[in-house]
Amino acid sequence: MKSHLFTLLTAALLALSLSVRGAHAATLPATDDPEARGLAIATMSDETNLGFGDTKTELRMVLTNASGQVSERRMRFNTLENKDTKDGDWNLMVFDEPRDVKGTAMLTYSHILEPDEQWMFLPALKRVKRISSVNKSGPFMGSEFAFEDFSGQEVGKYSYLWLRDEACGDRECHVVERRPLYKHSGYTRSLAWTDTQDYQIRKVVYYDRKDALLKTLTFSKYKKYLDKYWRSHDLYMENHVTGKRTRLVWENISFRTGLSEKDFSQNSLKRAR
Amino acid sequence: MKFSVDGYSRFIVNNPILVIVLSLIWAGIAIYGITNFRFTNDYRYFFSSENPYLTAFEELERTYSSPDTLLYVYQPKDGTKATSAQALQMVEEITTQGWQIPFSTRVDSITNFQNTRAIGEDDLEVRDLVVDAGQTDAEMRAYVEETILNEPLLVGRLLSQDARTGAILVSLRPPRDDTMATSSIVQAARDLRAEMRKKYPNIRLELTGSQMLSQSFSEAAQSDLSTLTPLMYLIIAAFLVVATRSLSGTIATVIVIALSAAAAMGFGSWLNIPISPPVSGAPVIILTVAVADCVHLLITALVARGNGADKKTAIIESLSINAQPVFLTSVTTAIGLFSLNFSDAPPYRDLGTLSGFGALFAWIFSMSLFPALLTLMPMGASKSVDMQSRIMGRFADWVILRRKPLLLIMLGVALTSTALLPRFTFNDRFVEYFDERMDFRVASDWASDNLTGIYIINYSLAGDGPGGVSEPDYLEDLDNFGTWLRGQPEVKHVASFADVVKRINRSMNADRQSFYAVPENRELSAQYLLLYEMSLPYGLDLNDQLNVDKSESRLIVTLTDVSTVEMQALRARALGWLRENTPEAMHVEPSGQAVMFSYIGRRNFEAMTQGTLVAFLLISACLMLALRSLRLGLISLIPNIAPPVVAFGVFSVIQTEVGFWTSFVTATAIGLIVDATVHMLTKYRHARINLKRSAEDSVRYSFATVGTALWVSSVILVTGFMVLTNSPFLINGMLGLVVSMTILAALILDFLLLPPLLIEIDGRLRGDAPSAPTSTPTEAS
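These remarks concern the structure in this document. Everything quoted here is computed from the prediction, not taken from an experiment.

As for the overall build of chain B
Moving on, step 1. The secondary structure content of chain B amounts to 26 helices and 11 strands.
Moving on, step 2. Along the three orthogonal principal directions, the C-alpha set of chain B runs to about 105 × 50 × 45 Å.
Moving on, step 3. Here chain B holds 781 residues, and 59% of them are scored as buried.
Moving on, step 4. Sequence separation of at least 24 residues holds for 81% of the intrachain contacts in chain B that already meet a minimum separation of 6.

Focus on the overall build of chain A
Moving on, step 1. A tally of helices and strands in chain A yields five helices and 13 strands.
Moving on, step 2. Along the longest, intermediate and shortest principal axes, the C-alpha atoms of chain A span 60 × 45 × 35 Å.
Moving on, step 3. Taken over 273 residues, chain A has a buried fraction of 44%.
Moving on, step 4. A fraction of 51% describes how many contacts in chain A between residues 6 or more apart in sequence connect residues 24 or more apart.

Structural notes on the nonpolar core
Residues and elements named next belong to chain B.
Moving on, step 1. Membership of the largest hydrophobic core comes to 309 residues, with the highest contact counts inside it found for Val256, Ala264, Ile286 and Val291.
Moving on, step 2. A per-element tally of this core places helix H10 (residues 282-306) first, with 18 residues.
Moving on, step 3. Apart from the residues lying within four places of it in its own chain, the contact partners of Val256 are Ala290, Cys294, Ala362, Phe365, Ser366, Leu369 and Phe370.

Observations concerning the sheet that holds strand E6 (residues 203-208) of chain B
All names here are of chain B.
Moving on, step 1. Spatially, four strands are ordered E2-E5-E1-E6 in an open sheet, and the strand pairing comes out antiparallel. At either margin of the open sheet sits one strand with a lone partner, and together these are strand E2 (104-108) and E6. Direction aside, the axes of adjacent strands within the sheet are offset by 15 degrees on average.
Moving on, step 2. Note: E2 against strand E5 (residues 166-172), four bridges, orientation antiparallel. Within E5, the residue paired with Arg106 across the bridge is Ser171.
Moving on, step 3. The strands touched by helix H4 (residues 85-98) are strand E1 (68-76), E2, E5 and E6; relative to E5, the strand with the most contacts, the crossing angle is about 5 degrees.
Moving on, step 4. The strands that helix H7 (residues 210-226) touches are E1, E5 and E6; relative to E1, the one it contacts most, it runs at about 105 degrees.

Observations concerning the packing of helix H9 (residues 247-270) of chain B against helix H12 (residues 346-367) of chain B
All names here are of chain B.
Moving on, step 1. It is at 8 Å that the axes of H9 and H12 come closest, and there the two elements cross at 140 degrees. Judged on the interaxial angle alone, H12 and H9 are oblique. Taken as a pair, H9 and H12 cross one another with a handedness that is right-handed. Seen from H9, the contacting residues are Val256, Leu259, Ser260, Ala261, Ala263, Ala264, Met265, Phe267 and Gly268; seen from H12, they are Leu354, Phe357, Gly358, Phe361, Ala362, Phe365 and Ser366.
Moving on, step 2. Counted by class, the contact of H9 with H12 contains 12 nonpolar, four polar and no charged residues.

Describing the interface of chain B and chain A
Moving on, step 1. Contact residues are listed per partner, giving 41 residues for chain B and 36 residues for chain A.
Moving on, step 2. Elements with a minimum of two residues in the side of chain B that touches chain A: helix H3 (52-63), E2, strand E4 (123-128) and helix H19 (522-534) of chain B.
Moving on, step 3. The residue inventory of the side of chain B that touches chain A, partitioned by class, reads 16 nonpolar, 13 polar and 12 charged.
Moving on, step 4. Both strand E6 (residues 127-132) of chain A and E4(B) contribute to a ladder of three bridges, which runs parallel. Bridging across to E4(B), A:Ser132 finds its partner in B:Glu125.

Brief notes about the packing of helix H15 (residues 403-420) of chain B against helix H26 (residues 754-765) of chain B
Residue and element names in this part refer to chain B.
Moving on, step 1. Packing of H15 against H26 leaves a shortest axis separation of 9 Å and a crossing angle of 115 degrees. Once H15 is placed against H26, the crossing between them reads as left-handed. The segment H15 lies against H26, with Arg403, Leu406 and Leu407 engaging Pro755, Pro756, Leu757, Ile759 and Glu760.
Moving on, step 2. A breakdown of the residues in the contact of H15 with H26 according to their chemical character gives six nonpolar, no polar and two charged.

Focus on the sheet that holds strand E8 (residues 455-462) of chain B
All names here are of chain B.
Moving on, step 1. The three strands lie next to each other as E8-E10-E9, forming an open sheet whose pairing is antiparallel. Bordering the open sheet on either side are E8 and strand E9 (491-495), each of which pairs with just one other strand. Taking the axes of each pair of neighbouring strands and ignoring which way they run, one obtains an average angle of 20 degrees across the sheet.

Side note on the environment of A:Asp149
Moving on, step 1. Topologically, A:Asp149 is positioned in helix H4 (residues 147-150).
Moving on, step 2. Taking the C-alpha atoms as reference points, A:Asp149 and A:Met237, 88 residues apart in sequence, are found 9.9 Å from one another.

Focus: the pairing of strand E5 (residues 117-122) of chain A
Residue and element names in this part refer to chain A.
Moving on, step 1. Relative to E5, strand E4 (residues 105-109) runs antiparallel, the two sharing five bridges. Opposite Ala105, over in E5, you have Phe121 as the bridge partner.
Moving on, step 2. Sheet analysis places E5 next to E6, joined by five bridges and oriented antiparallel. Within the sheet, the bridge partner assigned to Gln118 lies in E6 and is Ile131.
Moving on, step 3. Where E5 folds back onto E6 in an antiparallel hairpin, the turn is made up of four residues, including Lys126, whose phi is positive at roughly 55 degrees.

Considering the pairing of E1(B)
On any regular strand, side chains alternate: one points to one face of the sheet, the next to the other face.
Residue and element names in this part refer to chain B.
Moving on, step 1. The element E1 is extensively covered by neighbouring structure, given that nine of its nine residues are classed as buried.
Moving on, step 2. Side chains of E1 alternate between two faces, with Asp68, Leu70, Tyr72, Tyr74 and Pro76 and Thr69, Leu71, Val73 and Gln75 buried alike.
Moving on, step 3. Judged from the seven bridges that link them, E1 and E5 form a sheet pairing that is antiparallel. Bridged to Asp68 within E5 is Leu172.
Moving on, step 4. Where E1 lies against E6, six bridges are found, and the strand directions are antiparallel. From the neighbouring strand, Gln75 faces E6, where its bridge partner is Arg204.

With respect to H7(B)
Residues that lie three or four places apart on an α-helix share one face, since the helix turns once every 3.6 residues.
Moving on, step 1. For H7(B), which comprises 17 residues, the first-to-last C-alpha distance of 25 Å matches the rise-based estimate of 24 Å (1.5 Å per residue) to within 8%.
Moving on, step 2. In terms of residue burial, H7(B) counts as a mostly covered element, since 13 of its 17 residues are buried.

Some details on the environment of A:Glu177
Residues and elements named next belong to chain A.
Moving on, step 1. By the secondary structure assignment, Glu177 is in strand E8 (residues 171-180).
Moving on, step 2. On the basis of neighbour counts, which here come to 19 C-beta atoms within 10 Å, the residue Glu177 falls in the partly exposed class.
Moving on, step 3. Residues Glu177 and Asn65, 112 residues apart in the sequence, show an inter-C-alpha distance of 28 Å.
Moving on, step 4. Setting aside residues no more than four positions away along its own chain, Glu177 makes contact with Leu161, Leu163, Arg189 and Leu191.

Describing unusual backbone geometry
Moving on, step 1. Residue A:Pro98 is reached from A:Glu97 by a cis peptide bond, and omega for that bond is 0 degrees.
Moving on, step 2. As for its placement among the helices and strands, A:Pro98 is situated in the loop between strand E3 (90-97) and E4.
Moving on, step 3. A positive phi angle, close to 55 degrees, is found at B:Ala510, a residue other than glycine.
Moving on, step 4. For B:Ala510, the position within the fold is in the loop between helix H18 (497-508) and H19.
Moving on, step 5. Under the C-beta neighbour-count criterion, B:Ala510 is labelled partly exposed, with 14 such atoms within 10 Å.
Moving on, step 6. Located in the positive-phi region is B:Asp511, a residue other than glycine, with phi close to 60 degrees.
Moving on, step 7. Tracing the backbone shows B:Asp511 in the loop between H18 and H19.

Here we look at the environment of A:Tyr206
Residue and element names in this part refer to chain A.
Moving on, step 1. Among the structural elements, Tyr206 can be located in strand E10 (residues 201-207).
Moving on, step 2. Looking at Tyr206, the number of C-beta atoms within 10 Å reads 23, which means it is buried.
Moving on, step 3. Along the sequence, Tyr206 and Gly186 sit 20 residues apart, while their C-alpha atoms lie 9.6 Å from each other.
Moving on, step 4. For Tyr206, the contacting residues outside a window of four places in its chain are Tyr187, Ser190, Leu214 and Lys215.

Remarks on H18(B)
Moving on, step 1. Under the 1.5 Å per step criterion, the end-to-end length of H18(B) is 17 Å for 12 residues, consistent within 8% with the ideal 16 Å.
Moving on, step 2. With nine of its 12 residues buried, H18(B) lies for the most part within the structure.
Moving on, step 3. Turning to H18(B), its buried residues are B:Phe497, B:Ala498, B:Val500, B:Val501, B:Arg503, B:Ile504, B:Asn505, B:Ser507 and B:Met508.
Moving on, step 4. Summarising the contacts, the buried residues of H18(B) are in contact with E6 of chain A together with strand E3 (114-119), E4, helix H17 (472-486), H19 and strand E10 (552-559) of chain B.
Moving on, step 5. Looking at the residues trailing H18(B), positive phi occurs at B:Ala510, about 55 degrees.

Thresholds, definitions, all that
Think of each chain on its own: its residues are numbered from 1, step by step along the sequence as written. Chains carry letters and ligands carry numbers; both start at the beginning, A for chains and 1 for ligands, and go up in the order they are written. It should be noted that, the model being predicted, local features are given only for residues of pLDDT at least 70 and side-chain atom pairs only at 80 or more, the latter also being counted only at that level, while totals for whole chains, interfaces and linings use all residues. Runs of H or I in DSSP of at least four residues are treated as helices and runs of E of at least two as strands, each being numbered from the N terminus. Exposed residues have 12 or fewer other C-beta atoms within 10 Å of their own C-beta, buried residues have 20 or more, and partly exposed residues fall in between, where C-beta atoms are placed from the backbone. Any two residues are considered in contact once their C-beta atoms, placed from the backbone, lie within 7 Å. Linking buried Ala, Val, Leu, Ile, Met, Phe, Trp, Tyr and Cys residues through C-beta atoms within 7 Å yields a set, and such a set is a nonpolar core. Two strands pair under a simple rule: DSSP has to find at least two bridges between them. Axis definition: a line fitted to C-alpha atoms, limited for helices to the stretch in contact. Angles are taken between N-to-C directions and run from 0 to 180 degrees. Each angle gets one of four labels, with under 35 degrees taken as roughly parallel, over 145 as roughly antiparallel, 65 to 115 as roughly perpendicular, and the rest as oblique. A clockwise turn of the near helix away from the far one marks a right-handed crossing, whereas an anticlockwise turn of less than a right angle marks a left-handed crossing. Asp, Glu, Lys and Arg are counted as charged, while Ala, Val, Leu, Ile, Met, Phe, Trp, Tyr, Cys and Pro are counted as nonpolar; the rest, among them Gly, fall into the polar class. Each helix should span, by expectation, one fewer than its residue count multiplied by 1.5 Å.

See below:
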């Protein structure tokens, strides 16, 4: 999912970890150093997204509860890669459906270990509100996704431990345990399956605060853009405790659309609709 | 037939060791199943899958979140406030630790409450109400207290109005297929309580909630099983020795009882029946059946010994005489117990199945192992038994002489009792099922006196289509319903989505109190909600209050320790209010455990009454076949049905409120009720048909042959069941009392009503003239 919300690694991390360039499994640290190996895998995965510039996408979210009741949300999502590699990306989300929130727009300057900065424009109130909160772990629009599942998967957000390599579907994957470094995360840890060929995340399993299995996120329908950037078009999150599911469908992704910092300002929020 | 029984009996007394070994092997195989024991204390197991209240409950669980709870309630002992620095520190710790309790999905406390606050005109802050509790100063604590006392979601639920008592609520979702989930939850919850009590000795900390209620049910049942039940066995054994003066007979009886019960429980495990609290009552039911079987065999053998027969001959004679009636009582009792399968509640079905098999095991062991054991042990003549049969003979004469007044009095008692039955009302107060000796009762009473209760009902109220919860009209209705509910005497607290929206509205408008109201239009509410939801942390979201398309919200109502009758009354009033004041989509019934359990008493009693009647009809049909007499079969209905009726009739004089324990009574007593009737009738018929005696002489014969066995087994069982009245668990206590009364009623009716009935009906219809009393037959067969 790193793929969606972009991110750069810090130069320091890069330097520290490896001299990876056109990373290959052969250059990974040995299996007797699982921490370095885990970090290297995450770094290589993150690197595949380097330099994407900006993207515009449309998002459809389908929520299903344990009784099978279904509800849909739609939004548009613009992202600007942060030039500062020590920080998270910027994004602007405009809600289209349900109708009563149409035109509501949310601007986020995401940060790695600090609370994100967030502003929201409410058309019914015709005002921009700044939201001050440390929380990134709550459900996004009532779905099974938390904002932290879904926003940038910068390398600096976790500590890593490589566990094993194993088959995942018709590919081979590295299985890496990630422990969030952000104090207010909703998880103790997650396991990420990253394939050994394209270094894209295929599956993530989340464990709650008591380290009990909570959710599984599956990525599918990967497509390659600009000959380099992979994007999954179908993210499926299943909550094992409540039986609720959410499918997140990414549509009409376009790269390098000419977005700039001024499109991610508080003033731009009001124009966003 | 007699010949083959005779051959069988000879085989047993001649090969006692072989019989014992075979019995033990057979018992061993059944008992081996115990290694697969599966316990369950999941209260949902009480409801069949087609039960509408369970369906509603599960729908609620799927739509929102699980309503299972643990509630920590605390109060500083020194009279300081529940918002003191130390108290807040403990709350913060329990809140954090609460997430570690198995299957917890949410922890709500005054420290992690997501407080919204306006900073200036356009900044909204959403954060834990208390951060770093240990560092708070007086000013901060005053702000916290003021915020809580003005927040309807918190006051009266997580902090009392006087700010002296506070609570931490842990919501859990134990998986359905893990029958031991509750035990692991409760274990972790108690460990946390112990740790906190040690760390904060100045704060009283108690633990209650729906999971504690579930656990208390099974702990109460288990505690009785390990203390009172053995005591009951002991008293029964002691009485048996006194009544029969036969130590060997007593030992053999106790072995048969224990093996029958153990084999039935093991067999149940082979059938994959989980051990739920009701099922743990099976050993006691099996005990009554086994005692009755053995006492008949023993007493007949002792009588024969008294008449000069040697040991083996006495045993053979006893087996021959009792083979048919013991078989008949076992089969009919098993039918009666299997009738528990009519119950709506699966644990009762299991109880019936297990006890039914237990009755059959008791029959097998008492007809094989029991005589084999007797053969190997010394058995002298019992003067006591001998004397008792003589007394029985004189007693028979008295009954026959006074049969007309007895008939009138007894029928009068039975009819009066029947007339008293409609006075009963079904009312369960679940907390009061446990007396003050139990931790859960103390904690719940204290919590209820100081802050809140554990009875929670939920209304899922629908708005107008997807997103409808944001409509001002809907929110106004919701708010008004909440206000109405808060005015009801049974209601402790109401958590309404309307209060969430009102609070956000205020915070979005610079915390101006004038905006503490439902927003003016739907878009505004929906957009506030979107913003607020974005700012909530893991586990503290609104998914437990809103469904996925935001067309319905859940109103959570906490009640005082209401009885089921009060609960149903409130439910009816609430529905009336909704009908009068809201659109049709909101005219709904509440759901939740408290609602489910409020119907369990009546639903089960109705199912069980039908089941018991069907069982008695089947038993009578069996007796008609076995006795080859339509008339005797019909007559048997009266002494079978009358004992529980009379017992409940007398009980109604003491108390007219009954609970769901009543469903157990007849099932538990049925072994003895049927035993008494069958033995009296088979002996009567034997005398009447085979010995061609008159009705009166046949009655004398019945008394002389089985009277002693009947009164001995009845008195033993009455005494045994009286032990149960000492239980801290009301279900067992009441069961002990009313079963004792039922057995006593059965004995009295079989002695004082059945014989006059037989003489007046059977005697008259067969047209033989009442004869003068003749000498009492003392020899058997």
